[in-house]
Each structure stands twice: as C-alpha cells, then as structure tokens.
Amino acid sequence: MDLDDLRISRAAVVTVAQAASVFGVDVRTVSRAIENGELPALRLGRRVLIPRLPLPAALGVSVDEGHGVPDAGSADR
C-alpha cells in the first residue's frame, strides 16, 4: 500500500503493516508510534487497526472524508 492507495481507499482502518508501508518504515516503528500515542489505534481482540484518515494528515496530505478522494488543494503537496 502506498499513499495513493491510502487516499482512494474506502476502508475505515488499515493494518499496522499497511501503515508501515505507507510511511516507508518497519512495522516495529509503527507499533512504537502507537504505544507512544503518536498514532491513534484501535485494538480488536489481538488485531491492532489504525483509522485511515489520520494517516494522510500525519503526512500533510488532506483527504475528503466523504469520498476517499483528495481535496482539491492537496494535489500540489
């Protein structure tokens, strides 16, 4: 998964592995960010899921929440 996939996705959440792929870091780095409170996460049983919309915001990219497509002003970022 990359940033474009994340921007057009209709999923409400992504996995830790998908978030790591978007950020270009190791899964352990994302796990530490969750533990430190730097990334929001939901725990469902043994699964850890990350809300999709805060991820592009962490990268400085805005996403239209209603449609999963980029806002008009985000094309140049």
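Residues numbered from 1 in each chain as written. Predicted model: local features only at pLDDT ≥ 70, side-chain atom pairs only at ≥ 80, totals over all residues. Heavy atoms only, no water.

- If you look the chain up in an unreviewed UniProt entry, it shows as Excisionase family DNA-binding protein from Geodermatophilus normandii.

### A closer look at helix H3 (residues 27–35)
(1) Moving on: Along H3, the residues classified as buried are Val30, Ala33 and Ile34. Buried residues of H3 fall within an arc of 100° about the axis and therefore sit on the same side. Exposed residues on H3 whose side chains face more than 90 degrees from its buried face are Arg28 and Glu35.
(2) Moving on: Where the residues of H3 are buried, they touch helix H2 (16–23) and strand E3 (47–51). (Buried < 20%, exposed > 50% of the residue type's maximum accessible area, 1.4 Å probe, protein only. Helix = DSSP H or I, 4+ residues; strand = E, 2+ residues; numbered from the N terminus. Arc of directions from axis to C-beta. Contact = heavy atoms within 4.5 Å.)

### Here we look at the environment of Ile50
(1) Moving on: Mapped onto the elements, Ile50 comes out in strand E3.
(2) Moving on: Judged by its relative accessible area of 0%, Ile50 falls in the buried class.
(3) Moving on: Separated by 36 residues in sequence, Ile50 and Val14 have C-alpha atoms that sit 5.3 Å apart.
(4) Moving on: Ignoring anything within four residues of it in the chain, the contact list for Ile50 reads Ala12, Val13, Val14, Thr15, Val16, Ala19, Val30, Ile34, Pro40, Ala41 and Leu55.

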